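The lines below spell out each chain.
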Amino acid sequence: MSIRLWIDDREVLAEPGERILEVAQRQGISIPTLCHHPALPVLGACRVCLVEVQQGKRREITTACNTLVQEGMRVATDTAEVRGHRAMNLELLRARAPEAPAVRELATQLGVARSRFRPPAQNPLPNCILCELCVRACAHLGHHALAAVGRGDKKRIGLPHNRPAEACVGCGSCLSVCPTRCILLKETATTRTIWGQTFELVRCKSCGAPVMTEAQRAHAIRTKQLPEDHDDTCELCKQSAASQRLASVVW
Amino acid sequence: MGCRTCELACSFVHSRAGALGRPRIRIHAQGRGLEAGVIKDRYLQLTCLQCAEAACAKVCPTQALVRDETTRAIVLVAERCIGCGLCEAACPFGHMHFDRQIRLPLKCDLCGGSPACARFCPHHALEIRP
Ligand code: SF4
Ligand code: SF4
C-alpha cells in the first residue's frame, strides 16, 4: 500500500520504508546534502538536509535523509526557518573545512559568506567534516578499517586505536567518497601510502604501470570478485593484447 | 586510416571543465611499419564491447554500472560509485579506466545513442546499428 504525503504542498505517493530525501529527489525537489550517498547506509551526520515535518499536531525540524515517510505527512523543504537552520549548520561545517570547495560552494549557495567559528585546534585531519562517508564506504567493501573515535571536540576519523590496521587494503575508496577530499593519499611508482600505512602496488607485467595495491588484489581474489589467475596488466596493455588477438583472427 | 579523429571526438564530448577527457575509444596500429617506402600498418579500433555479462558491472560493489535499456550500453551512475577501482581491474579487455584524479571510472556510454566517434569519422568506418 502506497503512502500519501505532501512535499511543498505537492501531493506525492511513496512506498513504506522510503525516506523523505529520496522521495523528494524523485519529484525533482532538491534538498542539499553533504553526507548522503545513495549506495551507502544513511547516517544524518551533516544536518544540511533539514526540512520541516508536520505530522498531525506535531511539527519539527528534522533530517530528510533518514526520516521515514508516513501517511499524511506534510513536508516543507524551503521555509525561512529551514533555511536558517541549514545556514547555521553550514557555517559550523565551513569552519571545520575552510579549504573544501564542496563545502564552500554549498555554503555560498545557502548565503553563508563566512564563518564566525574557528576550526578545531590540533585537528589531525584538517577539513574533515565528520560525515563518516569514508567509514561507511570502507565497511560496505567489507574492510571495516575506519572508525570515528573520541567524542565532542575530540571526535575524529581514523584507524581504530590509531594503530596500523590490517583491515585496510589501501584501495582509496575512502578518499573517493570524501566530500572534502581531506584524506591524504600518496603514490610513488611502486607504493601507495594512505592513513599512514604504505602498500606495495601490483605493477603491470608488460609496462610496469601501477595497477592496484597487492592487498586490494588479494582481498578481491579471496572474496571471488576477481579470478584467482587475475591478469596483472594495466588497461592499455590489456587493450594492446586484445588488438593483437583480434588482428590474428581477422587478417 | 588511423587518423584518430574518433579518439579526439570522444575526448572532446567527454571533456570536463574545458579539459579534454581521455578517449574511451582507441586506435591500435597493427602492422609491419614501412616496406619499400610504403606504410604497411593496419589499424584496429577498440572500444567497450558493452558485454552481455559485463565483468565491470558484476564486480561493482554498489551496482553503479547498469544497463541502459534504450541504448543497451553499460553506463556509470556516478552518484552510486564509491571509487574502489575494481571495475578497471575486472575488465578483461582494458576498456575501463579509473581516473585517479576525479576518482571515477571513465567508460564508453555510447553517447546516449549517438556516438561522437561514429559521427565524426571522416571515412564513415564507424557506424552504429541497432
Ligand atoms: S584505503 Fe583502507 S581505509 Fe580507505 S576504504 Fe580502502 S580499506 Fe578502507
Ligand atoms: S575524512 Fe572525509 S569522508 Fe571521512 S568523515 Fe571526514 S570528511 Fe567525511
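Residues numbered from 1 in each chain as written. Chains lettered and ligands numbered in written order. Predicted model: local features only at pLDDT ≥ 70, side-chain atom pairs only at ≥ 80, totals over all residues. Heavy atoms only, no water.

**Quick notes on the site of ligand 2**
Condition: Put simply, a residue is near a molecule or strand once any heavy atom of it comes within 4 Å of that molecule or strand. When residues are sorted by character, Ala, Val, Leu, Ile, Met, Phe, Trp, Tyr, Cys and Pro go into the nonpolar class, Asp, Glu, Lys and Arg into the charged class, and all the rest, Gly among them, into the polar class.
Taken together, 14 residues lie around ligand 2, and C128, C131, E132, C134 and C178 of chain A are the ones closest in. When its residues are assigned to classes, the shell around ligand 2 shows 12 nonpolar, one polar and one charged.

**Examining the sheet that holds strand β10 (residues 197-203) of chain A**
All names here are of chain A. Applied cut-off: The rule for pairing is simple: two strands pair if DSSP sees at least two bridges between them. In this text, helices come from DSSP runs of H or I with a minimum length of four residues, and strands from runs of E with a minimum of two, each type numbered from the N-terminal end. Axis lines are fitted through C-alpha atoms, for helices just across the contact stretch, and the angle between N-to-C directions can take any value from 0 to 180 degrees. The criterion used for residue contact is that any of the two residues' heavy atoms lie within 4.5 Å.
In spatial order, the strands read β8-β9-β10-β11; together these four strands make up an open sheet with antiparallel pairing. Single-partner strands in this sheet number two, and they are β8 (185-187) and β11 (210-213). For this sheet, the mean inter-axis angle between neighbouring strands, taken without regard to orientation, is 30 degrees. Pairing of β8 with strand β9 (residues 191-194), which is carried by three bridges, proceeds in the antiparallel orientation. Considered in β9, the bridge of K186 is made with T193. Each of β10 and β11 touches helix α6 (residues 214-222); the most contacted strand, β11, lies at about 65 degrees to it.

**What about the packing of helix α2 (residues 80-96) of chain A against helix α3 (residues 101-109) of chain A?**
All names here are of chain A. Our working definition: Note on angle classes: values under 35 degrees are labelled roughly parallel, values over 145 roughly antiparallel, values of 65 to 115 roughly perpendicular, and the remainder oblique. Definitions for this section: a left-handed crossing has its near helix turned counterclockwise from the far helix by less than a right angle. A right-handed crossing has that turn clockwise.
It is at 10 Å that the axes of α2 and α3 come closest, and there the two elements cross at 150 degrees. Considering the angle they form, α2 stands roughly antiparallel to α3. Where α2 crosses over α3, the handedness of that crossing is left-handed. For the pair α2 and α3, contact is made by L90, L93 and R94 and by V103, R104, L106, A107 and T108, respectively. Looking at the contact of α2 with α3, its residues break down into five nonpolar, one polar and two charged.

**Section: the domain arrangement of chain A**
Residues and elements named next belong to chain A. Rule in force here: Throughout the structure description, domain borders are defined by an automatic or database domain assignment. When two parts are brought into contact, each loses some accessible area as probed by a 1.4 Å sphere; the total of that loss over both is the buried area. In protein, a polar contact requires one atom able to donate a hydrogen and another able to accept it; more generally it is a pair of N or O atoms within 3.5 Å, and residues adjacent in sequence count only if both atoms are side-chain atoms.
You can read the domains of chain A as domain 1 (1-119) and domain 2 (133-247). Placing the centre of domain 1 and that of domain 2 at their C-alpha centroids yields a distance of 32 Å. On the side of domain 2, eight residues touch domain 1, which itself brings 14 residues to the contact. Buried surface at the junction of domain 1 and domain 2, summed over both partners, amounts to about 780 Å²; 65% is from carbon and sulfur atoms. Run the count over domain 1 and domain 2 and you get two residue pairs in polar contact (both at pLDDT 80 or more). Of the residues assigned to the side of domain 1 that touches domain 2, the class counts are 11 nonpolar, two polar and one charged.

**A word on the side chain of Q50 of chain B**
Residue and element names in this part refer to chain B. Just so we agree on the cut-off: Three exposure classes are used, based on accessible area relative to the maximum for each residue type with a 1.4 Å probe and protein chains only: buried under 20%, partly exposed in between, and exposed over 50%.
Here Q50 shows up in the loop between β4 (42-47) and α2 (55-59). By relative accessible area, Q50 is classed as buried at 11%. A polar atom in the side chain of Q50 sits 2.9 Å from the backbone nitrogen of I74. Among all residues touching Q50, those that are not within four sequence positions of it are R67, R72, A73, I74, K107, C108 and L110.

**A short note on the site of ligand 1**
Taken together, C138, H143, A145, L146, C168, V169, G170, C171, G172, S173, C174 and W195 of chain A make up all the residues around ligand 1. Considered class by class, the residues forming the shell around ligand 1 number eight nonpolar, four polar and no charged.

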